[in-house]
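An overview of the molecular structure
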Amino acid sequence: MRTIEYRTCPLCEATCGLELHMEGEEVVLVRGDKDDVFSKGYLCPKGAALKDLVADPDRLRAPLVRRGDEYVEVSWDEAFAAVREGLMGVIERHGRDAVGAYLGNPCAHNLAPIIYNRALLQGLGTTNVFSASTVDQMPKHVSAGLMFGTPISVPIPDLDHTDHLLMLGANPFASNGSLMTAPDLPGRLRAIRARGGRIVVVDPRRSKTAEEADEWVAIRPGTDAHLLFGLVNVILASGRVDLGRAEGITDGFEVIERLAPHFTPEAVAPVCGIPAEDVRRLATELLDARTAAVYGRIGTCTQEYGTLASWLVDVVNILTGNLDRPGGALFPKNAAGSANTGGTPGRGRGFRTGRRHSRVEGKPEVLGEFPVATLASEILTPGEGQIRALVTVAGNPVVSTPDAGRLDAALADLEFMVSVDIYRNETTRHADVILPPGGILTKEHFDLAFYSLSIRNVANYSPPINPLPPGELHEWEILLRLAAIAGGAQGSAEECAGLDDLIIGGLAAKAAQRDDLPTADEMLEALAHRRGPARVVDFMLRTGPYGDRFGADPEGLSLAVLEANPHGVDLGPLQPRLPEVLRTPTGRIDLAPDLMVADVEARLIPSLGAPTPGLVLVGRRDLRSNNSWMHNIKVLVKGRPRCTLHIHPDDAAGLGLTDGAPARVRSRVGEVVLPVEVTDGIRPGVVSIPHGWGHGAPGTAMRVAAEYAGVNSNVLTDASVIDPLSGNAVLNGIPVEVDAA
Ligand SMILES: Nc1nc2c(c(=O)[nH]1)N[C@H]1C(S)=C(S)[C@@H](COP(=O)(O)OP(=O)(O)OC[C@H]3O[C@@H](n4cnc5c(=O)[nH]c(N)nc54)[C@H](O)[C@@H]3O)O[C@H]1N2
Ligand SMILES: Nc1nc2c(c(=O)[nH]1)N[C@H]1C(S)=C(S)[C@@H](COP(=O)(O)OP(=O)(O)OC[C@H]3O[C@@H](n4cnc5c(=O)[nH]c(N)nc54)[C@H](O)[C@@H]3O)O[C@H]1N2
Ligand code: SF4
Ligand SMILES: [Mo]
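Everything in this summary refers to the structure shown in the same document.

Rules and cut-offs
- Residues numbered from 1 in each chain as written.
- Chains lettered and ligands numbered in written order.
- Predicted model: local features only at pLDDT ≥ 70, side-chain atom pairs only at ≥ 80, totals over all residues.
- Heavy atoms only, no water.
- Phe/Tyr/Trp six-rings, centres within 6.5 Å; stacked < 30°, edge-to-face > 60°.
- Helix = DSSP H or I, 4+ residues; strand = E, 2+ residues; numbered from the N terminus.
- Buried < 20%, exposed > 50% of the residue type's maximum accessible area, 1.4 Å probe, protein only.
- Near = heavy atom within 4 Å.
- Polar contact = N/O pair within 3.5 Å; in protein donor to acceptor, adjacent residues only side chain to side chain.
- Areas by Shrake-Rupley, 256 points an atom, 1.4 Å probe, with all protein chains shown as cover.
- Nonpolar A, V, L, I, M, F, W, Y, C, P; charged D, E, K, R; others polar.
- Pairing = 2+ DSSP bridges.
- Axes fitted to C-alpha atoms, helices over the stretch in contact; angles between N-to-C directions.
- Contact = heavy atoms within 4.5 Å.
- Lys, Arg positive; Asp, Glu negative; His and termini not counted.
- Salt bridge = Lys/Arg side-chain N within 4 Å of Asp/Glu carboxyl O.
- Expected span 1.5 Å × (residues − 1).
- Bend = angle between axes of the 7 residues up to and from the residue.
- Parallel < 35°, antiparallel > 145°, perpendicular 65-115°, else oblique.
- Left-handed = near helix turned anticlockwise from the far one by under 90°.

Before going further, it helps to examine the packing of aromatic side chains. Tallied over the entire structure, the rule returns six aromatic pairs. Judged by centre distance (5.0 Å) and plane angle (80°), the ring pair of phenylalanine 148 and phenylalanine 331 falls under edge-to-face. Separated by 183 residues along the polypeptide, phenylalanine 148 in helix α5 (residues 138-148) and phenylalanine 331 in the loop between β14 (329-330) and α15 (375-380) bring together distant segments of the chain. Overall, the relative accessible area of 0% leaves phenylalanine 148 in the buried class. Between phenylalanine 446 and tyrosine 451 the ring centres are 5.2 Å apart and the planes differ by 65°, which places this aromatic pair in the edge-to-face class. For tyrosine 451, a relative accessible area of 2% puts it in the buried group. Chaining the aromatic ring pairs together yields one cluster made of Phe229, Phe263 and Trp311.

Around ligand 1, a shell composed of 32 residues is seen, among which Asp203, Gly222, Asp224, Ser625 and Asn627 lie nearest. Between an oxygen atom of ligand 1 and a side-chain N or O atom of serine 175, the distance comes to 2.7 Å. Measuring from an oxygen atom of ligand 1, one finds a backbone N or O atom of isoleucine 298 at 3.1 Å. In isolation ligand 1 offers 920 Å² of accessible surface; the protein chains occlude 98% of this area. Within the residue set of the shell around ligand 1, elements represented by two or more residues are α6 (172-175) and α13 (298-301). Sort the elements by how many residues they give to the shell around ligand 1 and α6 lands first, with three residues. Its residues assigned to classes, the shell around ligand 1 shows eleven nonpolar, 13 polar and eight charged.

In this section: the sheet that holds strand β23 (residues 615-618). Strand order around the closed barrel formed by six strands is β23-β27-β24-β26-β25-β28, with mixed pairing between neighbours. Taken pair by pair, the neighbouring strands of this sheet meet at an average axis angle of 45°, ignoring direction. For strand β24 (residues 645-647) and strand β27 (residues 686-688), the ladder comprises two bridges, and the chain directions are antiparallel. Paired with histidine 646 across the strands is serine 688, a residue of β27.

With that settled, the discussion passes to the side chain of threonine 291. With respect to the secondary-structure elements, threonine 291 resides in the loop between α12 (276-288) and β13 (293-296). Within polar-contact distance, the side chain of threonine 291 engages the backbone oxygen of glycine 327 at 3.5 Å. Not counting residues within four places of it along the chain, the set of residues in contact with threonine 291 comprises His161, Thr162, Asp163, His164, Asn322, Arg325, Pro326, Gly327 and Gly328.

Mapped onto the fold, aspartate 158 is located in the loop between β8 (156-157) and β9 (164-168). Comment: no salt bridge for buried aspartate 158; closest opposite-charge side chain is arginine 456, at 7.4 Å. A distance of 2.9 Å separates the side chain of aspartate 158 from the side chain of histidine 161, its partner in a polar contact. Setting aside residues no more than four positions away along its own chain, aspartate 158 makes contact with Pro326, Gly327, Gly328, Ala329 and Leu330.

Relative to the 20 Å expected for 14 residues at 1.5 Å per residue, helix α4 (residues 111-124) spans 20 Å between its end C-alpha atoms, a close match to the ideal helical length. Of all bends in α4, the biggest is about 40°, found at asparagine 117. What α4 keeps buried is the set Leu111, Ala112, Pro113, Ile115, Tyr116, Asn117, Ala119, Leu120, Gly123 and Leu124. Backbone geometry just downstream of α4 places glycine 125 in the positive-phi region, at approximately 65°.

One can describe the packing of helix α11 (residues 265-272) onto α12 by two numbers: an axis separation of 8 Å at closest approach and a directional angle of 110°. For the element pair α11 / α12, the angle class is roughly perpendicular. The element α11 and its partner α12 pack so that their crossing is right-handed. Taking contact as the criterion, the partners of Pro265, Glu266, Val268 and Ala269 in α11 are, on α12, Ala276, Val279 and Arg280. Looking at the contact of α11 with α12 residue by residue, the class counts come to five nonpolar, no polar and two charged.

Close to ligand 2 lie 30 residues, the nearest being Tyr102, Asn105, Asp421, Glu475 and Ser628. Here an oxygen atom of ligand 2 and a backbone polar atom of alanine 394 are 3.3 Å apart. Glutamate 475 has a polar side-chain atom sitting 2.6 Å from a nitrogen atom of ligand 2. When isolated, ligand 2 has an accessible area of 920 Å², and the protein chains bury 96% of it. In terms of residue class, the shell around ligand 2 is built from 13 nonpolar, twelve polar and five charged.

Written out as C-alpha cells, the structure reads:
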C-alpha cells in the first residue's frame with residue numbers, strides 16, 4: 001500500500017518540502033510538497049534523487065574496521081572497541097591536542113551533529129578543531145560577529161520584497177542559495193524582475209544567475225572588497241548617506257569616511273577590471289532604488305580579502321539605509337536556538353577571535369577552530385602537539401580543502417583515524433574505523449542552522465519516517481558514544497543515554513534562570529517522553545522567541561505543534577529587529593571594527609594598483625552536484641561530463657586549446673589534466689574548474705562516482721594563502737598555467 005510522508009529536504013540550504021511516496025519503507029517517488037508553507041511544491045533534481053541516495057547500495061550500513069588493506073564489517077561493540085584502543089592510545093602517548101577533529105558541511109544539515117558535536121569536542125578535549133566553515137562562510141561569521149555581536153547575525157536580503165539586488169560571488173541558479181535560505185530561488189529572483197526590480201550579478205563567470213539578471217559585471221577574481229569600497233566611496237561622495245534604522249546606534253562612521261578616499265572609482269577600476277563609470281553607476285543605482293540589498297556569497301568569502309568583502313557588503317547596506325528595512329537586508333528570527341534571540345535583547349558579550357593560535361603557522365582561532373588549510377601542516381610537522389589522530393564527522397577534506405594532495409598524504413601518515421560517514425570516499429578511505437549513521441529517513445530533521453539565515457521566518461519539523469534497521473545506530477548515538485569514549489568511558493548505550501540526559505539537564509538548568517520559564521525539573525518533566533535531538537529541539541522551540549514557554553503561552557510553538565503541521569508553520573516575513581537583535585557589548589553596531597580597519601590599512605590599500613598578469617582559476621557549482629558527495633547517484637552524474645575547464649575563446653586560441661581536448665592545469669602546488677570547454681561565459685584571463693570531483697582513488701568504494709571521476713580542483717588551490725581575519729581558505733583567484741596535454 002502506498003503512503004505519503006512529508007519531509008524537509010536536508011540536502012542544501014533551501015529547505016524544500018518533499019512529498020515522499022512510500023511503499024512500505026521504500027521511497028518510490030519524490031515530489032515537491034505543494035502545501036509546504038515555504039517551498040510550495042518546488043523541487044530540484046537533487047531533492048528528487050533523495051530516493052536514490054537512500055537506496056544507494058554503496059552507502060555504508062555497518063561499521064567498518066580496516067585490517068591491512070581490507071575493510072571488514074564488524075559489530076558496533078567491536079568498532080567502538082577499536083576506536084577506544086586507537087584514540088586513547090594516541091591520547092596516552094601524545095596528549096589530547098594530538099587528536100584533530102574535522103567537521104564537514106552535512107553537519108550543518110543534520111540535527112545530530114549540530115546538537116551533539118559540541119559534546120564530542122568536549123570529550124576529545126583538543127584545541128585542534130577544524131571544519132568546512134574555513135573553506136566556506138567563516139568570513140561572514142567574523143564580519144557579522146564584529147558588527148552585530150553574534151556570528152549568526154547575518155543580514156539576509158529581503159528577496160521577496162526588494163526592488164534591487166546586487167549579488168556578488170553567488171550562483172543560486174546552481175546552488176539554490178546560501179546564507180539566504182529560500183526554496184525556489186530561481187523563481188524568487190525572476191519575480192524581482194517581473195515586478196520591475198533590477199538584479200546585477202558580479203561574477204568572473206557569466207553564470208546562469210548572471211544570464212538571468214539585468215546585468216553581468218565581470219569582475220577580476222578576488223577584488224570584491226575593492227569594488228565594494230569603491231561603492232562606499234561614491235556613496236559618501238554623493239552626500240546621500242542615510243543610515244536609516246542604523247542611525248543613532250552605529251559607531252565608526254568617521255573611520256569609514258577616513259578610509260574611503262583611497263578607493264575612488266578610478267583607483268579600484270584597474271584592480272577589479274571594471275570601468276570607473278560602472279562603479280559609479282552601480283553605487284548610484286543602489287542609492288536610487290526604493291529599496292535595495294547587497295548580497296555576497298562564496299565567491300566573496302573564499303578569497304584573499306574574504307572578511308573585508310563580507311564586511312563591506314553590510315557597510316554598503318547600512319550606508320544606503322537598507323539594513324533592517326523591508327526590501328533591504330533584515331535579520332531573521334529563528335524559532336529555535338539562535339544566539340541572537342537568547343540572552344539580553346540588544347546587548348551581549350560580543351565576538352572575538354584569536355583566543356589561541358595554531359601550533360605550526362600561528363593562525364588565530366576563530367569560533368573555536370583553526371583554518372582547515374593548516375590541517376596538513378599540523379599533521380606533518382613534528383613536535384609537541386602534532387596531530388597524530390583524526391576524527392572526521394561528515395567531511396571529505398581530501399576533496400574539499402586546499403592543497404588536497406598534501407592533505408591526502410598527511411592522512412596516510414596518521415596513527416589513527418575514525419570517520420563518522422555514510423561513504424568510503426577519498427577521505428574516509430584513510431580511516432581505521434568508519435561509523436555509518438542510519439539513513440536520512442530514520443532521523444528527525446529540523447533546520448536549526450538555516451532558519452537563522454532564511455528570507456522568511458519558518459519552522460518545519462520532520463519526524464523519522466522509517467524505524468532504524470536492526471544493527472544500525474542513530475548519528476546522535478554514535479556521536480555521544482564517541483564522546484563518552486574520548487572522555488575515558490566505554491562508549492556504551494547507557495553512557496550515551498546518560499550524556500543525552502546531562503546535556504538537556506544543562507540546557508534546562510540554564511534556561512530556568514529566566515523568570516518567564518518554569519523550573520528545570522518542570523521543563524524536564526514536560527520533555528520526558530522524548531530523547532535525543534527531538535527532545536533538544538522541543539526544548540529550544542518552547543524556550544525560543546515564539547515558544548509556548550512550557551504552557552505560559554498556550555498559542556506558542558512546541559515540537560507538538562510542528563508535529564501537527566507537517567507542511568510547516570509560517571512565522572511571517574522578516575521584520576525589522578534593530579536594536580533588539582544586537583549582542584555587541586556596546587549595544588551598538590560597529591561599522592568599522594578594529595580588525596577590519598587594520599586589515600584595510602595593512603593589505604587592501606597597498607593592493608591598489610596594477611594587477612599581476614596571468615591566468616587565475618575560480619570554481620563553479622552545478623545544480624546536480626553537492627560538493628563532493630552526491631556523485632554516486634547515477635541520475636545526477638550521467639550525461640555530458642561536467643568536470644571541465646572553462647576558458648575564454650581568446651585564451652584558448654592563444655594557448656592552442658580546443659574544445660573537448662585535454663588541458664594540463666598547473667599551480668604552485670599541483671597539476672591536473674581535464675577536458676577543455678571553450679566558452680565566452682567567462683572573463684578573459686580566468687579559467688574555472690568545479691570542485692568536488694576527483695573520485696576513484698584506491699580504497700574508495702563509490703562505484704558510480706569512480707566511473708565519472710573528474711579531477712580534484714583542490715589539488716591546485718594553495719593552502720599557504722588564507723584570509724587572515726577568518727582563517728578562510730582562498731579557493732578562487734589561484735594563479736595557474738594552462739597548456740594542451
Ligand atoms: N548544486 C549545488 N548546490 C549547492 C552546493 C553544491 O555543491 N552544488 N553546495 C552548497 C554549499 S556547501 C554552498 S556553501 C553553497 C554556495 O552557494 P553559492 O555561493 O551560490 O556558490 P556558487 O554556485 O559556487 O557560486 C559562486 C560564484 O562565485 C563566482 N566567483 C568565483 N570567484 C569570485 C570572485 O572572486 N568574486 C566574485 N564576485 N565571484 C566569484 C563563481 O564564478 C560562482 O559563479 O551552495 C550550496 N548548494
Ligand atoms: N575549490 C573549492 N573547494 C571548495 C568549495 C569551493 O567552492 N571551491 N566549496 C567549499 C564548501 S562551501 C564546502 S561547504 C566544503 C564542503 O566540504 P566537506 O564537508 O568536507 O565536503 P563534502 O563534499 O560536503 O563531504 C561531506 C561528507 O559527509 C558525508 N555525509 C553525507 N551525509 C552525511 C550524514 O548524514 N552523516 C554523516 N556522518 N556523513 C554524511 C559524505 O559522505 C561526505 O564524506 O567544500 C569546500 N570546498
Ligand atoms: S533545492 Fe535544495 S532543499 Fe530544495 S530539493 Fe533541491 S537539494 Fe533539496
Ligand atoms: Mo558550503
